[in-house]
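In case you want the letters, here they are:
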Amino acid sequence: MRVDTPSNVNELRDVLRSTVAAPRKCSLLAGGTDLLVHLRASPGFSPDLIDLSGVKELKYIEMHRDRLEIGACVTFTEIEEHSFIREHFSALARAASLVGSPQIRNLGTIGGNLANASPAADSLPPLCALEATLLVENAEGAQSTLSPAQIASAPGKNSLHADQYIRAVLLPLRENLLSFFVKTGSRKAVAISKLSLALALSSEPGHVRLFAGSLGTSPIRMEAAEAVLDRRDWTEANHTAFLDALSGAVERAIPGRASLPFKRLAVRGLGDDLWTAAKEAISRG
Amino acid sequence: MAELKYVGRDVQRNDIVEKASGRMKYMGDRMQGGAAHARLLLSPIARGRVVSFDASEAERMPGVLRVFSPKDDPGKRFNSALFLPDQTDVQDHPVFTDKPLFVGDILGAVLAKDEETARAAAAAVKIGFEEEAPLLDMEQAALPQTPSFREGMSPVIEGKIAYGEEVVPEDAIILESTVRTQKIHHGAMENHICEARMEYGGVLLVETPCQMAFTVRYVLADLFDIPFNKVRVVKTPVGGAFGGKQEVGIEPHCALMALKTGLPVRLALDRTQTILATRTRAASVGRIMIAADREGNLLRREMDVIVDAGAYATGTQRVMMAMGKKTSRLYRIPSQSFHGRTVFTNTTPAGACRGYGSPQIHAITEIAMDLLSRKLPMDPAELRLKNLVHPWDSDPAGGPALGNARIRDCLVRGMETFRWNERRVLPSGEGRFRRGVGLACCTHGNGYFGSPYPDFMSMAMRFCEDGTVLVNAGLHELGNGTLTTIGQIVAEVLDLPPERVEVSESDTSTTPFDVGCVASRVTYVCGACALELAEKLKSRFLEQCARVLAVDAHRLSLKNGEMIDSEGGVSRSYGEMVCRIAKELREEAGEYLHYKPDRNPASYGVHFAETVTDTFTGMVEVTDYLAVHDVGRAINPRLLRGQIYGGVQMGVGMALSEELVYDSKGRPKSASLSRYTMVNAPSMPNVGVLLVEEGEPGGPFGGKSIGEICTVPVAPAIANAVNASLGTSMTELPFSPERILAALSARRETNAR
């Protein structure tokens, strides 16, 4: 097994170019909390590794006039503890704080989480709700963008080309943006999500984005439930309509699946949490 | 009794510095080198036949020493629980099989110069199978018409325990229920590991973190036809066992490879292999009928319990009988029958697991007790108080007398501390979250006395030339503080600081026989042996001192490391006297004791749980907890509480989240710790501990067992709290979010009708 340890983006591009010139099985190592487990479990699968942990251009959080940029190798701990993210993109900070254990969050990165393409990836639903864009770069330095919902092409499989890597996550800044993330697993902490919901909304009418995780390859948008929230009317009837809309969306998303009877009910619990949190936050102004 | 100096005190455990600083050398911490590394080849199918075995690619890999296949199986079958030839447990277990009976069954192994090579080579061995449909459902396996995979062996092993007349009065209140308990992985931090090598003189040396070194010796000597005195089994530091290292596990495989190659062999499993290929807590289905009169006096109880052995017999039939034996030792019931059936499925073999059937049978009986209390209706605590045994009761099924059985004190004092009466009648709430309280009682044993398995041990103890004490015993420290508590007992009698007492662990060639750290016997049996031997050594030492000093022994006493002659006004250190005894008397200041207990009283406990259930997501949170135990006397209260905290944590897992489940092809769906949900710190409640210390005759300073019983009542206490808060009658463990929501949906549908 060959391991490359580029220390900057130029060196990374060189390595990627060499893999294009002489194709070989190659994996990007961005934390390794999933990849190393996978490698150890499958001794037959021994790709060359390109370790991104030393690439300095991937480890930054930067404010711009209209957006926040998070480098692909920023860890969940860094996201969880970042005061601006906590304040303005609280769904993402919250999701980061619920990934695995502290040890996992110290190593695991947002780029790694995205490229790993797990249906249960906790960063995906908030990024979808927050209208994030993924900045992808190839060996020649050509940049393109992807929506978070496009990164997974199948469970465990991402849509990146062999010479591409995720450079950063771009989060647009919006006025009065509120966001929330809730999940449920098999225990309170260090749990793989069985189901998660991420909500972002601003005071602007029509701006409500609600996504569910762990229902399919990519997060699923809950449009009917968004419409109920967009009434911005916190009555008991709307509350029930909201929960019913969530159950309906789950039923449409995973018909016939063994987990359906549980998830169509459990989503109401997560929905209730979101409803209460959103209602309180909005009434606080 | 005079004030005790060391017993009853929070003496610091002997290995705390090594363990807390990470310097303790478990077998897995040994540097590579000096041994060949083995990697097991496990069956990916649940039932079938090996039709091809191609190791050519693996054998070509540099560093590969040998590949073992089913052809290397010695042909003889063993039973991993058996330790004397009179034991009739079915011997059905091969070392390397060509007819796998569960996913994880051991087909062979790869031996290589290092672990990485062994892993890579194991992945390169190509094995072809002819698959057969697996039998996975234990209730189906119990049906006579179900075809068995047991090939000539009985597909069902039955056991019955009954007493009293089979009469139920016509006007009795009858509760009938069926309770299901799940298959559980032990989850010890240390995965299974073992080393075997040939020593000079043709001695097979096996080092293993085990609970019963002499059982390992028995199985290996018997299986490989080696004289018993040529097999030396040495117990190494254990990183958690919980019964999972009680039965013989991977030692036969490791030893076979060492015997066949002459190489030192190290065999280490990873977590997935430990989950797949070792042992589990047996799943059970218990049908139960309880008859009571209107005042809540129990009249008769009938239990029909199916226990799932998995693919091999192992010790499961013993677990089943142990379940039955608990049922006549908690309540006064005029008549009762227990009918057990051990059945076989193509799943991971069961075996010992903390409580040895006790958590399963108490889940069945204690959940049913609450359902009965609802039917009467009556406060579940009051129902129990009416029926619990009293101190010195006998066992109506013929087991040993119960001894100073203080379960009633546990319940009464626990109710007060937990404020049971007040909290039980609080409304559970109307909204999304429902609060409730529940309790469960339990009993467990103190050794093998009165069972088919002989309980005895021997120990040697001597003073060294510096006055320190060496205890030579075949003990097994599993992390539960055995060596510390034995040291405290000895230190108390010989009056010297516990850190000056060194207690050994099992080495079948150098320590006297002890059956092992099993059956909750160590404090009550081994502790009593240590106490009696220390007293014997003390008399001998004083008598020797008297001869050296030419005075009457009655003038002499031991105090804080010194021999005191009160009349002569002389005090001498133990060490000085040991040296004088050696020189002047040509004697060792040492003694030996053969010890056999002549009773086996019961330990008791009551646990109280408060739960809050999220009726939307089905998540249950245990919000408050109290464990009350009749321990006779706490030798080391801090270590004892530690046992209880851990026991509660295991029990919460059994109640709420732990379960080995299989898909339709028999493949475990949760063969890693990310999928197999054990309870971690954020999900743990504060655990209050209340000890009832009324002294148990026969135990050292009145002490009796705690290590297993503290996990026994947890699941039913939590289940009863959840059922009380939701108005449900759930009886299938664990109470996962999925099951909670399904039960709530079913209840809503019933109510709507």
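Model, not experiment: these values are computed from the prediction.

## Re the overall build of chain A
No. 1: Regarding its fold elements, chain A presents 11 helices and 14 strands.
No. 2: Scaling as 2.2 N^0.38, a compact globule of 285 residues should have a C-alpha radius of gyration of about 19 Å, and chain A matches this with 19 Å.
No. 3: Along the first, second and third principal axes, the C-alpha set of chain A runs to 60 × 45 × 30 Å.
No. 4: Long-range pairs, those at least 24 residues apart, make up 62% of the contacts in chain A between residues at least 6 apart in sequence.

## Focus: the sheet that holds strand 6 (residues 133-138) of chain A
Residues and elements named next belong to chain A.
No. 1: Taken together, the five strands give an open sheet; going across it, the order is 4-5-10-6-7, and neighbouring strands pair in antiparallel fashion. Looking at which strands have only one partner, the edges of the open sheet turn out to be strand 4 (61-63) and strand 7 (143-146). Adjacent strand axes in the sheet meet at a mean angle of 25° when their direction is disregarded.
No. 2: Of the strand pairs in this sheet, strand 5 (residues 67-71) and strand 10 (residues 164-172) are connected by five bridges, and their pairing is antiparallel. Note that in strand 10 the partner of Ile70 across the bridge is Val169.

## Here we look at the pairing of strand 13 (residues 284-292) of chain B
All names here are of chain B.
No. 1: In terms of burial, strand 13 is largely enclosed, as seven of its nine residues are buried.
No. 2: With nine bridges joining them, strand 7 (residues 173-181) and strand 13 adopt antiparallel strand pairing. Of the residues in strand 13, the one forming a bridge with Val179 is Gly286.
No. 3: Of the pairings in the sheet, the one linking strand 13 to strand 14 (residues 298-308) comprises nine bridges and is antiparallel in character. The residue of strand 14 that forms the bridge with Ile290 is Arg301.

## Comments concerning helix 1 (residues 9-21) of chain A
Residues and elements named next belong to chain A.
No. 1: In this model helix 1 runs 18 Å from its N-terminal to its C-terminal C-alpha over 13 residues, within 8% of the 18 Å that 1.5 Å per residue would give.
No. 2: Inspection of helix 1 places Leu12, Val15 and Leu16 among the buried residues, and these make up the whole buried set. With its buried residues spanning 95° around the axis, helix 1 presents them on a single face. Away from its buried face, by an angle of more than 90 degrees, helix 1 presents the exposed residues Asn10, Asp14 and Ala21.
No. 3: In this fold, the buried residues of helix 1 make contact with strand 1 (3-4) and strand 3 (48-51).

## Side note on the sheet that holds strand 2 (residues 26-29) of chain A
Residue and element names in this part refer to chain A.
No. 1: Reading across from one edge, 1-3-2 is the order of the three strands in this open sheet, with parallel pairing throughout. Looking at strand neighbours, the two that pair on one side only are strand 1 and strand 2, the edges of this open sheet.
No. 2: Summarising the sheet, strand 1 and strand 3 pair through two bridges and their orientation is parallel. The residue bridging Val3 from the neighbouring strand is Leu49, located in strand 3.

## So, the domain arrangement of chain B
When the parts come together, some accessible area is lost, and that loss is often what is quoted as the size of the interface.
All names here are of chain B.
No. 1: Domain annotation for chain B reports domain 1 (16-22 + 456-595), domain 2 (32-132 + 188-241 + 245-277) and domain 3 (280-449 + 599-752).
No. 2: Across the boundary between the two partners, domain 2 contributes 20 residues, which contact 21 residues of domain 3.
No. 3: Looking at the side of domain 2 that touches domain 3 residue by residue, the classes come out as eight nonpolar, six polar and six charged.

## Structural notes on the pairing of strand 19 (residues 469-475) of chain B
Residues and elements named next belong to chain B.
No. 1: Within strand 19, five of the seven residues are buried, leaving the element largely enclosed by the surrounding structure.
No. 2: Bridge analysis of strand 18 (residues 457-463) against strand 19 gives five bridges, and the strand direction is antiparallel. Paired with Met459 across the strands is Ala473, a residue of strand 19.
No. 3: Counting the residues between successive antiparallel strands, the hairpin from strand 18 to strand 19 contains five residues, one of them, Gly467, with a positive phi of roughly 90°.

## Observations regarding the interface of chain B and chain A
No. 1: On the side of chain A, 17 residues touch chain B, which itself brings 20 residues to the contact.
No. 2: Within the residue set of the side of chain B that touches chain A, elements represented by two or more residues are helix 3 (115-124) and helix 18 (737-752) of chain B.
No. 3: Of all the elements, helix 18 of chain B adds the most residues to the side of chain B that touches chain A, at four residues.
No. 4: In terms of residue class, the side of chain B that touches chain A is made up of nine nonpolar, seven polar and four charged.

## Details of the packing of helix 13 (residues 482-494) of chain B against helix 14 (residues 522-549) of chain B
All names here are of chain B.
No. 1: In the contact formed by helix 13 and helix 14, the axes pass within 9 Å of each other and the chain directions differ by 30°. Overall, the two elements helix 13 and helix 14 adopt an arrangement that is roughly parallel. Note that helix 13 runs across helix 14; the crossing there is right-handed. Taken together, the residues of helix 14 that come into contact with helix 13 (itself represented by Thr482, Thr485, Ile486, Ile489, Val490, Val493 and Leu494) are Val522, Thr523, Cys526, Gly527, Ala530, Leu531, Ala534, Glu535, Leu537 and Lys538.
No. 2: Each residue belonging to the contact of helix 13 with helix 14 can be placed in one class, and the counts come to 11 nonpolar, four polar and two charged.

## A closer look at unusual backbone geometry
All names here are of chain B.
No. 1: Of note, the bond from Leu376 into Pro377 is cis; its omega dihedral lies within 30 degrees of zero at -15°.
No. 2: In this structure, Pro377 sits in the loop between helix 9 (358-375) and helix 10 (380-387).
No. 3: In this model, Glu151 sits at a positive phi of 45°, which is unusual for a non-glycine residue.
No. 4: Mapped onto the elements, Glu151 comes out in the loop between helix 4 (138-141) and strand 6 (156-163).
No. 5: Unusually for a residue other than glycine, Asp225 sits at a positive phi of about 55°.
No. 6: You can see Asp225 is positioned in the loop between helix 5 (213-224) and strand 10 (231-235).
No. 7: For Asp225, a count of 8 C-beta atoms within 10 Å translates into the label exposed.

## Some details on helix 6 (residues 251-261) of chain B
All names here are of chain B.
No. 1: Within helix 6, eight of the 11 residues are buried, leaving the element largely enclosed by the surrounding structure.
No. 2: For helix 6, the full list of buried residues reads Glu251, Pro252, His253, Cys254, Ala255, Leu256, Met257 and Ala258.
No. 3: Phi turns positive, to about 75°, at Gly262, one or two residues after helix 6.

## Section: the nonpolar core
No. 1: The biggest cluster of nonpolar side chains holds 309 residues, and the ones touching the most others in it are A:Ala91, A:Leu199, B:Val110, B:Cys254, B:Val490, B:Ala530 and B:Ile718.
No. 2: Element by element, the count of residues in this core is highest for helix 14 of chain B, at 13 residues.
No. 3: The contact partners of B:Ala530, leaving out residues within four places of it in the chain, are B:Met459, B:Val471, B:Ile486, B:Ile489, B:Val490 and B:Pro700.

Parameters at a glance
- Residues numbered from 1 in each chain as written.
- Chains lettered and ligands numbered in written order.
- Predicted model: local features only at pLDDT ≥ 70, side-chain atom pairs only at ≥ 80, totals over all residues.
- Helix = DSSP H or I, 4+ residues; strand = E, 2+ residues; numbered from the N terminus.
- Rg over C-alpha atoms; globule rule 2.2 N^0.38 Å.
- Contact = placed C-beta atoms within 7 Å.
- Pairing = 2+ DSSP bridges.
- Axes fitted to C-alpha atoms, helices over the stretch in contact; angles between N-to-C directions.
- Buried ≥ 20, exposed ≤ 12 C-beta atoms within 10 Å, placed from the backbone.
- Expected span 1.5 Å × (residues − 1).
- Arc of directions from axis to C-beta.
- Domains from an automatic or database assignment.
- Nonpolar A, V, L, I, M, F, W, Y, C, P; charged D, E, K, R; others polar.
- Parallel < 35°, antiparallel > 145°, perpendicular 65-115°, else oblique.
- Left-handed = near helix turned anticlockwise from the far one by under 90°.
- Core = buried A, V, L, I, M, F, W, Y, C linked by C-beta atoms within 7 Å.

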